[in-house]
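Overview (structure and organization)
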Amino acid sequence: MKVAAGWLLRCIDCGSMFDSDPAGYTCSRCNGLLEALKEGGSLTRGELYGRPAKGIWRFRALLPFGPDVRPVSLDEGGTPLIKAVNISRELRVRNLHVKNEGQNPTGSFKDRGMTVSVTRAVESGVRVLICASTGNTSASMSAYAARAGVTAAIIVPAGKVAAGKMVQATAFGAKIIRVDGNFDDALSMLLQTISGLPGFAGMNSVNPYRLEGQKSTAFEIYEQLGFSVPDYVVLPVGNAGNISAIWKGFKELRDFGITEKVPRMVGVQAVGASPIARAFWKGSETITPVDDPNTVASAIRIGKPASAKKALAALRESEGMALTVTDEEITAARSLLSSKEGIFVEPASAAPIAALREISGKLEKDAVVVCVCTGNGLKDQESIRIDIEDAPLVSDRSGLTDLLERLASRPLVPA
Ligand code: F0G
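Now for a look at the structure at hand. These figures come from a predicted structure and were not determined experimentally. (Residues numbered from 1 in each chain as written. Predicted model: local features only at pLDDT ≥ 70, side-chain atom pairs only at ≥ 80, totals over all residues.)

Digging into the nonpolar core
The biggest cluster of nonpolar side chains holds 120 residues, and the ones touching the most others in it are Leu-129, Val-234, Ile-276 and Ala-351. For this core, the leading source of residues is helix 13 (residues 347-359), giving seven residues. (Core = buried A, V, L, I, M, F, W, Y, C linked by C-beta atoms within 7 Å. Buried ≥ 20, exposed ≤ 12 C-beta atoms within 10 Å, placed from the backbone. Helix = DSSP H or I, 4+ residues; strand = E, 2+ residues; numbered from the N terminus.)

Considerations on the pairing of strand 13 (residues 368-373)
Successive residues of a regular strand alternate their side chains across the two faces of the sheet. Counting buried positions along strand 13 yields six of six residues, so the element is predominantly enclosed. Judged by which residues are buried, strand 13 turns out to be covered on both faces: Val-368, Val-370 and Val-372 on one side and Val-369, Cys-371 and Cys-373 on the other are all buried. One ladder, built from six bridges, connects strand 5 (residues 95-100) with strand 13; its direction is parallel. Across the sheet, residue Leu-96 finds its bridge partner in strand 13, namely Val-369. One ladder, built from three bridges, connects strand 10 (residues 232-236) with strand 13; its direction is parallel. Within strand 13, the position partnered with Val-234 by the bridge is Cys-371. (Pairing = 2+ DSSP bridges.)

A short note on helix 12 (residues 327-341)
Across its 15 residues, helix 12 extends 21 Å between first and last C-alpha, which sits within 8% of the 21 Å expected from 1.5 Å per residue. Every buried residue of helix 12 is accounted for by Ile-330, Ala-333, Arg-334, Leu-336, Leu-337 and Glu-341. Considered in projection along helix 12, the buried side chains sweep an arc of 160° and stay on one side of the axis. Facing away from the buried side of helix 12 by more than 90 degrees, the exposed set consists of Glu-328 and Ser-339. Buried-residue contacts for helix 12 involve strand 11 (264-270), strand 12 (321-325) and helix 13. One or two residues past the end of helix 12 sits Gly-342, with phi positive at roughly 75°. (Expected span 1.5 Å × (residues − 1). Arc of directions from axis to C-beta. Contact = placed C-beta atoms within 7 Å.)

Some thoughts on the site of the ligand
Lining the immediate surroundings of the ligand are 22 residues, of which Ser-133, Gly-238, Asn-239, Thr-374 and Gly-375 lie closest. Elements with a contribution of two residues or more to the shell around the ligand: helix 4 (136-148), helix 9 (241-255) and helix 13. (Near = placed C-beta within 6 Å.)

Quick word on the packing of helix 9 against helix 11 (residues 308-317)
Closest axis-to-axis distance for the helix 9/helix 11 pair is 8 Å, and the angle between their directions is 45°. As the angle between them shows, helix 9 and helix 11 are arranged oblique. For the pair helix 9 and helix 11, the sense of crossing is left-handed. Of helix 11, the residues touching helix 9 (which contributes Ile-243, Ser-244 and Trp-247) are Lys-310, Ala-311 and Ala-314. (Axes fitted to C-alpha atoms, helices over the stretch in contact; angles between N-to-C directions. Parallel < 35°, antiparallel > 145°, perpendicular 65-115°, else oblique. Left-handed = near helix turned anticlockwise from the far one by under 90°.)

Topic: the packing of helix 10 (residues 275-282) against helix 11
It is at 10 Å that the axes of helix 10 and helix 11 come closest, and there the two elements cross at 50°. Taken as axis vectors, helix 10 and helix 11 run oblique relative to one another. Considering the relative orientation of helix 10 and helix 11, their crossing is right-handed. Only Ala-308, Ala-311, Leu-312 and Leu-315 of helix 11 make contact with helix 10, whose side of the interface consists of Pro-275, Ile-276, Ala-279 and Phe-280.

Some points on the environment of Val-237
Its place among the elements puts Val-237 in the loop between strand 10 and helix 9. Accessibility expressed as a C-beta count within 10 Å gives 34 for Val-237, which makes it buried. C-alpha separation for the pair Val-237 and Ile-302, spaced 65 residues apart in sequence, amounts to 9.1 Å. Setting aside residues up to four positions removed in sequence, Val-237 forms contacts with Ile-243, Gly-267, Val-268, Gln-269, Ile-276, Ile-300 and Ala-311.

A short note on the sheet that holds strand 13
Backbone-to-backbone hydrogen bonds join strands into a sheet, with any given pair of strands oriented parallel or antiparallel. Taken together, the six strands give an open sheet; going across it, the order is 4-5-13-10-11-12, and neighbouring strands pair in mixed fashion. Strands with a single pairing partner mark the edges of an open sheet, and in this sheet they are strand 4 (81-83) and strand 12. Averaged over neighbouring strand pairs, the angle between their axes works out to 25° when direction is ignored. Together, strand 10 and strand 11 form the strand contacts of helix 9, whose direction differs from that of strand 10 by roughly 155°.

Section: the environment of Asp-13
Residue position: Asp-13 is located in the loop between strand 1 (7-11) and strand 2 (17-18). Between the alpha carbons of Asp-13 and Cys-30 there is a distance of 7.7 Å; along the sequence they are 17 residues apart. Excluding residues that lie within four positions of it along the chain, Asp-13 makes contacts with Cys-27, Cys-30 and Gly-32.

Structure (structure tokens):
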């Protein structure tokens, strides 16, 4: 199917240009990753931000769709940017903001991309959507498939996905296929199979339309900071689509003449699943895959990220950095964010907060830092010990009063 007027798909490896979608959404010459390019021109801030639509579809001026395409949408995007006033002293970052992506319709940033890639697939007449996933992609894709009235098939690593995410996929009616292996095995099986299967559309982030939706995070951050570009954007990196997308968003703001500067991108991985951080430190453009990735943050338990090349370019071009954090640091940061700021995120989403401890001393004193917290904590409860059985049990008013007096450390009822 033809790409929208004024847009092309370009292979980041061999530079081939396509004016229609190749099978499997990868380069039909060299199998490289594609990116969507809007041809030339400039935009005013009003042209990008002034539309009346909600969520990411406000930004149609930079989305590869003609005006009459009807989005498959659940009002994704438009998530809050919260100033983290309570933890900023402890983390020694004065101007710290959390972009709370857990408030998207299915509880993660994936919805921003999925509304776009599903709209495109449905527009092309596809009836079955398919993805490999550590959980959130599958939950999101299943919701948008339900909304569009098409079939969702999800491929997940057996026993390695948080229960809340499988509950979502089940509720949305997805066909679930388990792979005896990890996410990387699931994704490579899918990518090898999909291009020979007409009628199926792959919804992983190798699909360039996904990134077109996810770049809206950059547009929102700029607007929410009072039309100002942050100094640093810190986010977890797994399959590496999101860092590539958000960087593309900031670059487009600059290249279309809306902003003058771009932020430094800071990618955070778990120590046990850190192929991108290692490649970045070595100055390499390609990764050495990690065969048995391991971390409590199941969403980013990925050893062979499909969009590694785009992510490494984002880190380099933005003069950013890659960091790793341990599982203990992730768990402590998750609990800091929930207990001090009231923001409950899943383990992967706490990685950027954990990383701040490592770098805050090196940042400029007034640096504006945005942590993208990618997913809602309600989906991944396994990793939290619930103390409910140890909580005091009362059976009458005097027992309750007694307890409350102890809480208040004084008598509540006058003697
Ligand atoms: N945070 C969360 C909560 C995620 O679910 C993911 C990826 C990431 C961060 C990393 O983003 O892959 O674009 O670098 N989850 C994918 C999934 C892989 O299948 O749900 P990325």
